[in-house]
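Letter by letter, the chains look like this.
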Amino acid sequence: ELAVLLQDGVVTDDYVLDNTPKLLSTLRQCNVVLRWTMLHRNARSKKVRDVLSVGLSPDKLLRLLLKTAQLEFKLSELLKSLLATKQARWNAAKKECHERISELAMYFSGDQVLTRGTKDARLQAWFSNLAGEVEKLSHEDATVAGRKMQQLSAALQDVEEFHQVETNSHVKHFLQDARALLKQMVRTVNVKEGMLVTLAAVSDLSFAFDIISDYVDLMHALIRTDPSSVLLLRATFLKLASVLDLPLVRIMQAGSDDLSSVAEYYSSQLVAFVRQVLEVVPVNVFLILNDIIALQAKAQLEIPSKIDKATLAQYALLDDRYALAKATHQVSVFAEGVLAMERTLMGVVEVDPKQLLTEGICKELVRQITMSLHGILIFPTGKIADFERRLEEVRKNLDAFRRSFEYISDYINIFGLKIWQEQLTRIVNFAVEQECNVFLKKKIHAFESAFQSEAVPLPLLPPTDDQSVTFIGRVTRELLLQTDPSRLLYLEAHAGWFDRAGKDLVGIRTLSLLHQAIGTAGLRGIDQTLSFLILSQLRSLLRFYRRQVGEGLKMLFPDLQAELNPSSTLPNNAALLYQGAFQRTAPLWPSVATAVSRIGQAQLLRRQMASELNFSAKLDSPTLAQALEAMNEALLNDILLHYRNPEVHPYPSDEKKLLPTLAPYLDSMGLSCPMLKIYLTTEPMDGIALFLMLFAVAQLTNYTLDPALNLLVPKEKNGLDSAAITVGILTVLKQFHSSHTQKFVAYLLQYVRCQVVVCARDPKAKALPQEVSKVLALLKCMSKFSPSVVPRALIYQHLPPFLFDRTPR
C-alpha cells in the first residue's frame, strides 16, 4: 500500500482533501508496526527476540521506516501547503461559485441575448437568493459553513429536476460546476491545524532515539546499493526530529530558561546522527578514488597540449579511459543523492546537505592523508638514503592522491584544491601543536586544540617512538640527525652539509624533496618546531649561565671586565689574564658548546627552508612573491621613518592588525630571516658578551683553518661544526641589546690586538699567530651569516681594515 501511495502523481492535493482520514489511518498502522517491532527486537527476553527475528527482517523493517517517513513527509508538506493557501483557495472557489449562480439568475431573467424564451421570475429570484447565501459563507466557523454548503449543494441538485433546467444542458453544466465548487469549498474548510497535530502524534519516533543507531549499518548498505535512497533518509531524519517535542513542551510549560540549551543539545545529537549515516558517501567516494589513483598511475591518461600524429594511438587507451569514466560516474551518483537533498531544519539547527557532503569528504580526506604521513614517515635506519626514499614515497603517494582528488572535485561540486590545502595545513598545524607540547609548561590537549573540529576531527594516532608524538616530530628529529654538527660540516658556498670525506649528504636536493613531499605547510610546520627547539635550548643555556656564572663565578667576570675595560686599550699582563680566565671557565664549555651548536644547527636548517620556500614561491607564484616583497619593504621603510621622526610618521596601527596579518604570508614565502629572530626576552646580563667571547676563543683551539675550504675545521673526528657554533653565538647575541654584540666584537678584537702585540715583540715570529687568524675567520663568518648583526663597519672600529682583510676569507 505504501509503494502505491508513493508513486508519482498519486498523493496530490485533491487526493489528500478526499482521503486524509484514510491516509492517517494507513500511517497509524505503519507506525504501530514500527514501534512494536523495533522495541520488541530489543526486549530483554531472548524468546521474544528469536520470534521476531524469524518474522520481519531488519532490512524490511528499515525499508518500512523509510517509506513511512517519506509518505509522512509528503502528506505533511501537502497539508502545510493547503493550510497556507486555505484562504486563497476558499475565496477563489467562493467567488467562482457565486459568479456561476449569479449567471444562472441572469439567464432566467430573460434580459440577456438569446434568453428571452427562458424567462422565469421565480427561478431568477431563487438563484439570486442562492447567490446571496453563497456570498454570506465564511470559513471561520467550519461546522456552520459545512452544513450550509451541504444544504446549498442539495438544493442545486434538486433544482435539476425542474423542467426548465432538465431540458437545458447548458444550465445543468453550470449547476454541476457550482456543486463541484461547493464540494471543493467543503473540503477546503475541513483542512485544519489539527490534522498536522494528529500527523505529528502518529509519526512520533522519539521512542527510537537510542535504538535507531542499530540500523546505521543497514542504512550504509542501502546507500551503497542505491545512492538515490539518500532522498528517503531525509524524511527519516525529519521524523527522528520528533525527539525534541516531548522535552521541549515540558520545558516551555515550566517556563524554564533552559529551553535553548536543551534544544541545541538534542539538535546537535540529531546532526551528529545525520553525519554518521551520511559518512558512508565520502567513504565510498574515496574507495572509488583509490581505483582512480591506480588507473591514473597505471596509464598515461593525461594528454599533452601537442602530440605527434604517429603517437596519437598511444594516448587512446580506450579500456583504461572507460574504466576511469565508469568510476567517475559512480562518484557523481553518490554525490548526487546527497546534493539532491534540500536544506533541512533539524530542531534548531539547519542542515545543509552540501555542507554535510563537504565535511564528510574533508573527514575522510584528513584520515587518508594522516594515515599516509603517519605510516610512511618512519625512519628506523637513520641513513640519509632511507630518509630521502621515504620522502619520495610520500611525495608520489600524496601527489597521486591530490591529482585524483582534484579530478573528481568537479563531479561532486566541491573546490578540491582549496580543500586539500586547507586540510593539509590543519593536519600539519595540529601535529606541530601536539609536538611542541613538550616545550610548553601549559600543555594543549588534543580536544582543546584550535585546529580540532567536531565535524572534521583529526585522528589521534599512537606515536611510533619514545621521542616524537607525530610525524612532524619524526621528520624534524631525522633532519637534525642527518645534519648532526658532530659528523657533518656546513659549507655556505654549497648551501649543504658534507661529511668529513667531502661527500654531499644534505642540501638543496634534500630540502626540495622535503618540500615536494609535505608541501609548504609541512616545511612551515618543521620550521615552527625548530623554533620551539631553539627557544628551549636558549632557556637552558641562560639558566646554565645564571647558575654557573651568576653563582659559581660571580667574582671572575666583574673583575675580568674591570681589567679589560675600556676595550679600546690593551690590558696589563694580558697573557696571564686571559690564561687564568680560560683555565677557570674551561669546565663550562662542553655543555655550552652542545647547546650553542644545537641552536646553530636549527638556525641553519631554518635558513635553508626559508631559501627553499622563497625560491619555490618565485617560480610558482611570482606575482604574489613580488607583491609581498614590495609590501614588506614599504612597511619596513614606514617603520624606519617612524623611528627617525615619530611625530611626523606614525607607527602602523595595531587596530588594523597589519603586521600580524602580513607575517604568516612572509613566513610562507620564505621572506623572513631566522638570523634576526628574537626568541625570548630576558633581563640584562652584563657578563654575557665576555662569557661568549671566552667561549668562542676557547672553542677555536679545537679547530684548524683549512685554506682550501676557507673554513674552520675540527681537529678531532667528532668535533662540532664551526658553522653551527658561529650561528649559535650570533643567535644568542641577538636575544640581547645590540650593545652586547658590540662588546663581544670589541672583546674579541681586543684579544686579537693583544696577540698581535705579543707577536710583534717576538723577533722570531714571521706571521700572525694561528689564534689571530682563527678569530678573524670567525668574525668574517659571522659577518657573512648575519651582516646586520655583525657588520664590517663595527669590526673596522676596533681593527684596521688592512689587517682584517689580509687574512683568508
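Residues numbered from 1 in each chain as written. Predicted model: local features only at pLDDT ≥ 70, side-chain atom pairs only at ≥ 80, totals over all residues. Heavy atoms only, no water.

**Things to note about the layout of surface pockets**
Point 1. The volume enclosed by the largest pocket comes to roughly 1,200 Å³.
Point 2. Lining the largest pocket are 34 residues, with Gln421, His515, Gly519, Thr520 and Ala521 positioned closest to its centre.
Point 3. When contributions to the lining of the largest pocket are tallied by element, the ones reaching two or more residues are α18 (384-409), α19 (416-435), α21 (508-552), α24 (589-620), α25 (622-644) and α26 (658-668).
Point 4. Among the elements that line the lining of the largest pocket, the one with the most residues is α21, at 10 residues.
Point 5. Classifying every residue of the lining of the largest pocket by side-chain character gives 14 nonpolar, 12 polar and eight charged. (1 Å grid on protein atoms, 1.4 Å probe; cavity = no way out; pocket = protein on both sides within 12 Å on 5 of 7 lines; lining within 4 Å. Points joined across faces, edges and corners; volume = space filled by probe spheres on them. Helix = DSSP H or I, 4+ residues; strand = E, 2+ residues; numbered from the N terminus. Nonpolar A, V, L, I, M, F, W, Y, C, P; charged D, E, K, R; others polar.)

**With respect to the sheet that holds strand β3 (residues 489-491)**
Strand pairing in a sheet takes place through backbone hydrogen bonds and is either antiparallel or parallel in direction.
Point 1. Spatially, the three strands line up as an open sheet ordered β3-β4-β5, and their pairing is antiparallel. If you trace the sheet from one side to the other, it starts and ends with β3 and β5 (504-506), each paired once. Adjacent strand axes in the sheet meet at a mean angle of 50 degrees, parallel and antiparallel pairs treated alike. (Pairing = 2+ DSSP bridges. Axes fitted to C-alpha atoms, helices over the stretch in contact; angles between N-to-C directions.)

**Side note on a positive patch on the surface**
Point 1. A contiguous patch of positive charge on the surface is contributed by Lys441, Arg539, Arg543 and Arg547.
Point 2. Here arginine 547 shows up in helix α21.
Point 3. A relative accessible area of 44% means that arginine 547 is categorised as partly exposed. (Patch = residues over 30% accessible without salt bridge, like charges linked within 9 Å, V, L, I, M, F, W, Y side chains within 5 Å. Areas by Shrake-Rupley, 256 points an atom, 1.4 Å probe, with all protein chains shown as cover. Salt bridge = Lys/Arg side-chain N within 4 Å of Asp/Glu carboxyl O. Lys, Arg positive; Asp, Glu negative; His and termini not counted. Charge placed at Lys NZ, Arg CZ, Asp CG, Glu CD. Buried < 20%, exposed > 50% of the residue type's maximum accessible area, 1.4 Å probe, protein only.)

**Comments concerning the nonpolar core**
Point 1. In terms of nonpolar packing, the biggest core is built from 209 residues, with Leu373, Phe405, Leu514, Phe691, Met693 and Phe744 touching the most fellow members.
Point 2. Examining the composition of this core, we find that 18 residues originate from one element, α21, more than from any other.
Point 3. Contacts of methionine 693, omitting those with residues within four sequence positions, involve Tyr578, Phe744, Tyr747, Leu748 and Tyr751.
Point 4. The next biggest cluster of nonpolar side chains, apart from the first, holds 28 residues, and it includes Ile101, Leu104, Val134 and Leu152. (Core = buried A, V, L, I, M, F, W, Y, C linked by side-chain atoms within 4.5 Å. Contact = heavy atoms within 4.5 Å.)

**Some thoughts on the environment of alanine 723**
Point 1. Tracing the backbone shows alanine 723 in helix α28 (residues 722-734).
Point 2. Leave out the neighbours within four places in its chain, and alanine 723 touches Tyr490, Leu604 and Phe785.

**Notes on the packing of helix α29 (residues 738-761) against helix α30 (residues 770-785)**
Point 1. Following both chains from N to C, one finds α29 and α30 inclined at 155 degrees, their axes separated by 9 Å at the closest point. As judged from the angle between their axes, α29 and α30 are roughly antiparallel. As for how α29 packs across α30, the hand of that crossing is left-handed. Contacts between α29 and α30 pair Phe744, Val745, Leu748, Leu749, Tyr751, Val752, Gln755 and Val756 from the former with Glu771, Val772, Val775, Leu776, Leu778, Leu779 and Met782 from the latter.
Point 2. Counted by class, the contact of α29 with α30 contains 13 nonpolar, one polar and one charged residues. (Parallel < 35°, antiparallel > 145°, perpendicular 65-115°, else oblique. Left-handed = near helix turned anticlockwise from the far one by under 90°.)

**Let's talk about unusual backbone geometry**
Point 1. Note the cis peptide between asparagine 565 and proline 566, where omega equals -5 degrees.
Point 2. Its place among the elements puts proline 566 in the loop between α22 (556-564) and α23 (574-585).
Point 3. Positive phi, normally seen in glycine, also occurs at alanine 495, with a value near 50 degrees.
Point 4. Here alanine 495 is to be found in the loop between β3 and β4 (496-498).
Point 5. Looking at alanine 495, the relative accessible area reads 16%, which means it is buried.
Point 6. The backbone of asparagine 573 shows a phi angle near 50 degrees, a positive value even though the residue is not glycine.
Point 7. Along the chain, asparagine 573 turns up in the loop between α22 and α23.

Interpretation note: all reported values are geometric properties and have no functional meaning in isolation.
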